[in-house]
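Letter by letter, the chains look like this.
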Amino acid sequence: MKFLHTADWHIGQLFHEYDRSYEHQQFLNWLVGILLTENIEVLLISGDIFDSSNPSAASVRMFYRFLNEATRAVPHLQIMITAGNHDSAARLEAPKPLLESSNVHIIGLVEKDAVGNIDYEKLLVKIHDTSGAIKAFCLAIPFLRMGDYPAIADCANPYTEGVAALYQEAFAYAQQYSTEDQPIIAMGHLHTQQAEITDLDKTERLIMGGVECISASAFHSDIKYVALGHIHKAQKIGGKEHIRYCGSPLPMSFSEIHYIHQVIVFDLDQEISNMKAIEIPVFVPLQRIPHQHQPLHEVIAQLEQLPELVAGMENLPYLQVRVLLDGPEPALRHKIETALAGKAVRLAKIDAQYPAAAAATPELITAEKLNELQPIDVFGKAYQSRYQSEVPQEIMQLFQQVAQEINQNAG
């Protein structure tokens, strides 16, 4: 059987406040075409379907329109969908009874019985061939929140050991029903050890000081493929070809300006074979001017050389402007926007860089010394730390004037 692995769609996401509906729709249209041309039989979507737990009606409509078009284009297609940390597990599962009649399986919740035992039956999805025979089993594990995984007594890390225990117990449960010619695969939405992360992963995905990282050893060696989501960069984990993140289909930050986004396709019989990555087209390009930070007057000159906007142009590139400043520039955005007026780009981000801080030992300020500092002293130290220079006299005078007015009004 032929499988396709994708994840982290984040439908409804804004890119620096710009709506991405066009990009998401183009990706979904492209994906339907790939399902058809590659004759995919099983589609694995490993979490973060939506960017928000309360997606807009338009985002939900886009998702269900895709499911309808995909199953119409490929009638034998089976779809496995798990919830990510951005998704509302209950909301995602709501249409589950209706969709299962179309071989669309959505798993968002980890259900338990009255005494707290995990219902592994509801996490196990049977994969059938065209004759209706069970060809394989899928451990469809969603993003695991506190309380979803087994509680391990007297352990060093309740999260990692609890998640590992859940995968071990789920695999043991599946083994009760599978035969030697019915392989087992798994899905997950989590952060693994030694995963290479992007800028957005650094700010959003790493929690609890990194102790939530799951080892590749958590997945039984007899699991033939582990389809992971959560990290936005495609990669294999633990040196294992069969444990993979497919990455996000759209760039999530300007750090991905040269990164190739992809889906993963493979055949599964008794073992994995013919694994390949299929590159996803760039529907709206990212542009960075200049490539390295430069002084403002040089940046402005480059921006003014950009192509003019022509009537009818749509889906213009997202632009990141990189500028090197000596100190505060209150009119920075205005100057850049003026230079970009009528240009065929969309200003998404201004990345201002200041002179590198001198390699000096930071000053230790005790609580007693902090109490002795006046607001103007704190302001001066903060300015010095950020711009590596003394506060200009005119700014210092303005600060003193404002402080005096505040004291007078308080009195």
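Structure: see above.
Keep in mind that what you see is a predicted model, and the values were worked out from it rather than measured.

Thresholds, definitions, all that
- Residues numbered from 1 in each chain as written.
- Predicted model: local features only at pLDDT ≥ 70, side-chain atom pairs only at ≥ 80, totals over all residues.
- Heavy atoms only, no water.
- Helix = DSSP H or I, 4+ residues; strand = E, 2+ residues; numbered from the N terminus.
- Buried < 20%, exposed > 50% of the residue type's maximum accessible area, 1.4 Å probe, protein only.
- Contact = heavy atoms within 4.5 Å.
- Lys, Arg positive; Asp, Glu negative; His and termini not counted.
- Charge placed at Lys NZ, Arg CZ, Asp CG, Glu CD.
- Axes fitted to C-alpha atoms, helices over the stretch in contact; angles between N-to-C directions.
- Parallel < 35°, antiparallel > 145°, perpendicular 65-115°, else oblique.
- Left-handed = near helix turned anticlockwise from the far one by under 90°.
- Nonpolar A, V, L, I, M, F, W, Y, C, P; charged D, E, K, R; others polar.
- Polar contact = N/O pair within 3.5 Å; in protein donor to acceptor, adjacent residues only side chain to side chain.
- Arc of directions from axis to C-beta.
- Salt bridge = Lys/Arg side-chain N within 4 Å of Asp/Glu carboxyl O.

Draft legend 1. A look at the overall build of the protein. The number of helices and strands found in the protein is eleven helices and 17 strands. Each of the three principal axes of the protein carries a C-alpha extent, and together these read 80 × 60 × 40 Å. In the protein, which comprises 411 residues, the share counted as buried stands at 47%. Contacts in the protein between residues at least 24 apart in sequence constitute 70% of all its contacts with a sequence separation of at least 6. With 30 positive and 50 negative side-chain charges, the protein shows a spacing of 4 Å between the two charge centroids.

Draft legend 2. Geometry of the packing of helix H1 (residues 21-37) against helix H2 (residues 57-73). Two numbers describe how H1 lies on H2: the axes approach to 9 Å, and their chain directions differ by 15 degrees. As far as their axial angle goes, H2 and H1 are roughly parallel. Judged by the twist between their axes, the crossing of H1 over H2 is right-handed. For the pair H1 and H2, contact is made by Ser 21, His 24, Gln 25, Leu 28, Asn 29, Leu 31, Val 32, Leu 35 and Leu 36 and by Met 62, Arg 65, Phe 66, Glu 69, Ala 70 and Ala 73, respectively. A breakdown of the residues in the contact of H1 with H2 according to their chemical character gives nine nonpolar, four polar and two charged.

Draft legend 3. Representation of the side chain of Arg 244 within the structure. The topology assignment puts Arg 244 in strand E12 (residues 240-245). On the accessibility criterion, Arg 244 (15% relative accessible area) is buried. A polar contact is formed between the side chain of Arg 244 and the side chain of Glu 241, at a distance of 2.5 Å. When residues no more than four places from it in sequence are discounted, the contact partners of Arg 244 are His 5, Tyr 225, Val 226, Ala 227, Leu 228, Gln 235, Lys 236, Ile 264 and Met 275.

Draft legend 4. Representation of unusual backbone geometry within the structure. Residue Pro 290 follows Ile 289 across a cis peptide bond; omega there is -15 degrees. Turning to its location among the elements, Pro 290 is positioned in strand E15 (residues 286-295). Within the chain, Asp 8 stands out as a residue other than glycine whose phi angle is a positive 55 degrees. Relative to the assigned elements, Asp 8 resides in the loop between strand E1 (2-6) and strand E2 (14-15). You will see that His 230, though not glycine, has its phi angle at about 120 degrees, which is positive. Within the fold, His 230 resides in the loop between strand E10 (223-229) and strand E11 (235-237).

Draft legend 5. Geometry of helix H8 (residues 332-340). Within the sequence span of H8, burial applies to Leu 332, Ile 336, Ala 339 and Leu 340. The arc that holds every buried residue of H8, seen down its axis, measures 100 degrees, which confines them to one face. Those residues of H8 that are buried are in contact with helix H7 (296-303), strand E16 (318-324) and strand E17 (346-353). Looking one or two places after H8, you find Gly 342, whose phi comes out positive at around 80 degrees.

Draft legend 6. Focus on the pattern of salt bridges. Going through the model one piece at a time under the given rule, you end up with 15 salt bridges. Of the charged contacts, one joins Lys 2 and Glu 38 as a salt bridge, the two residues approaching to 2.8 Å between their closest N and O atoms. With Lys 2 in strand E1 and Glu 38 in the loop between H1 and strand E4 (42-46), this residue pair connects regions lying 36 residues apart in the sequence. Here Lys 2 matches Glu 38 in class, with each residue buried. The partner of Glu 93 in a salt bridge is Lys 96, and the shortest N-O contact between them spans 3.9 Å. Neither Glu 93 nor Lys 96 differs from the other in exposure class; each is buried. The network of salt bridges with shared partners includes Lys 2, Glu 38 and Lys 276.

Draft legend 7. Broad picture of the packing of H7 against H8. The contact between H7 and H8 brings their axes to 8 Å, and the two run at 25 degrees. One finds that H7 runs roughly parallel with respect to H8. Here the hand of the crossing between H7 and H8 comes out right-handed. Residues Leu 296, Ile 300 and Leu 303 of H7 form the contact with H8, whose participating residues are Leu 332, Lys 335, Ile 336, Ala 339 and Leu 340. Here the residues of the contact of H7 with H8 sort into seven nonpolar, no polar and one charged.

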